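Residue-level listing of the chains:
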Amino acid sequence: MSDNKNIDELAQYKDVSRYSAGAKNSINLGSNNYSRNNNSQPRHEEVPDADKEITYKAAQYSRESDRKYSHKRIQKKKNRKKRKAVYASVLSVIVIAIIGLIAYKFWPITVTINGQEQTLTYDKSIKQAVDQSQIKVHPGNYVAVDFSVLKRNEGYEFYANVNDNDIDNLNYELKDGDTVKYEDGKDKMEDYTSIKEEIPAAAKIVGTGAIHKFIGTGEPGIWSQMTGKESKKYAERMTEEPHDITCKNYNPNPGKDKVIALTFDDGPSEEYTNKILDLLQKYNAKATFFVIGEQVEEDYGKSLVAKENAAGHLVCTHTYDHGRAVGGTDITSMSAEKQIMEVTKGQETIAKALGNKQVSTICRLPGGNINAVTLRCIGKYVTAEMGWSLDTKDWTCPGKEKILSALNQSSSGEIILCHDGGGERSQTVAAVEEFLKSYTEKGYKFITVEEMMNYPESPQSEN
């Protein structure tokens, strides 16, 4: 029985216990007690059994009560010690943090300002570094849209650059090793209204080959016609330069490596893509799938794209709907906005199917058709447009033997065009199976187009 239960059961003897203070220490609890009569003579009396029991219980209650409250006092002392230990630990942490902060504040750092080294201690601001170096600068001017001066020395107060980042606050705190450039303030231009016109980026396609690598982004520049709100002066000039773009076409040079890149367009197909994936797995081959966004949005499409990615294949966009609005083979006749939509929406469907994973920026346009306009349109979203060096023409369904005959013309560095969707593809499946078996036995390795792009460029012919 627990102490609490004991004390609860004996509580009924609480009032009696005050008369039994001596009883609890008696050796013979409940034995005869002595009292005095009216003549103050000692008198020996026998205590009734019932009274003995009550006296015993009362004394027992007193002991239990004392034990309970003694335990509480001990526990309170322990709790006080614990609290003191916690307070001491917290105080130690605070003291250490304060000491660390003070040490950090006063710890010297070395910075370079306009080529001169400066040592800073407590105050580590740009202003302190400038004051120590005694560099003097002058504010810029307040100018009109044609750069004529409206008010002298009312431009920006100073120009500061820390580690190639512009800083407009002299109280900016420097770090050890920072490099600061501090100069006269730049001119500040008046507010103005403007009419803007785009300047198209220059775009050109050079070379020949299956890989079409984009250099630059093709983003347009801006030509502004400005009227000053204060000066009323007029000026026009280029306010943003265009970013030119080049599509460099070339074939890869794998050297002694025996590598081939199989590519499959127009999928995923509910009927044929799984069969292609099984064959690739059987021969430990990797491939690139150029998928149609609309089909990826289907439940089977999401599942197959995820399966392709999980197996280590490369998944790229073949546009959202294959340019269906303009006949399905050439998007170059579409508006700029629709051309961009075809590529970006196609990429978005892949990203969603893969759980918003970053998708490849390689694409294949329908029919492989691309011109300078399309190059400028999609250059911001694509790093390469992938052509092919060998077309199996399997999309015409010429029969397994003709497809296989085309495949057997392959050599190292080849980028092969096949299809796993867009029609009946059983001939392709059968031909690819024999081709994979034959070329694997010859020691060829099947890789993605991204891996193929890691090889150097083959020399271009002079013609």
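In this text, all values refer to a predicted model and were calculated from it rather than measured experimentally. (Residues numbered from 1 in each chain as written. Predicted model: local features only at pLDDT ≥ 70, side-chain atom pairs only at ≥ 80, totals over all residues. Heavy atoms only, no water.)

What follows concerns the overall build of the protein chain. Across its full length, the protein chain holds 12 helices and 24 strands. For the protein chain, with 463 residues in total, the buried portion stands at 39%. Sequence-distant contacts in the protein chain: of pairs separated by 6 or more residues, those separated by 24 or more amount to 73%. Accessible area for the protein chain stands at about 26,900 Å²; split by element, carbon and sulfur atoms hold 49% of it. (Helix = DSSP H or I, 4+ residues; strand = E, 2+ residues; numbered from the N terminus. Buried < 20%, exposed > 50% of the residue type's maximum accessible area, 1.4 Å probe, protein only. Contact = heavy atoms within 4.5 Å. Areas by Shrake-Rupley, 256 points an atom, 1.4 Å probe, with all protein chains shown as cover.)

Applying the stated rule across the entire model yields zero disulfides. Cys-247 takes part in no disulfide bond, and the closest cysteine sulfur, belonging to Cys-363, lies 9.8 Å away. On the basis of relative accessibility, which here comes to 0%, the residue Cys-247 falls in the buried class. (Disulfide = S-S within 2.5 Å.)

Tallied over the full model, the rule gives five aromatic pairs. Taking 4.6 Å as the distance between ring centres and 45° as the angle between the ring planes, the aromatic pair formed by Phe-435 and Tyr-439 counts as tilted. Remark: Tyr-439 and Phe-435 occur in helix H11 (residues 426–441); sequence separation between them is four residues, near one turn of the helix. In this structure Tyr-439 comes out as buried when scored by relative accessible area, which is 3%. Relative to Phe-446, the ring of Phe-435 has its centre 5.6 Å away and its plane inclined at 75°; by these criteria the two rings are edge-to-face. You can see Phe-435 sitting in helix H11 and its partner Phe-446 sitting in strand E24 (residues 445–446), a full 11 residues away along the chain. One cation-aromatic arrangement involves Lys-186 over Tyr-159; the distance from NZ or CZ to the ring centre is 4.4 Å. If you follow Lys-345 out to its NZ or CZ, it ends over the ring of Tyr-320, 4.3 Å from the centre. (Phe/Tyr/Trp six-rings, centres within 6.5 Å; stacked < 30°, edge-to-face > 60°. Lys NZ or Arg CZ within 6 Å of the ring centre and 35° of its normal.)

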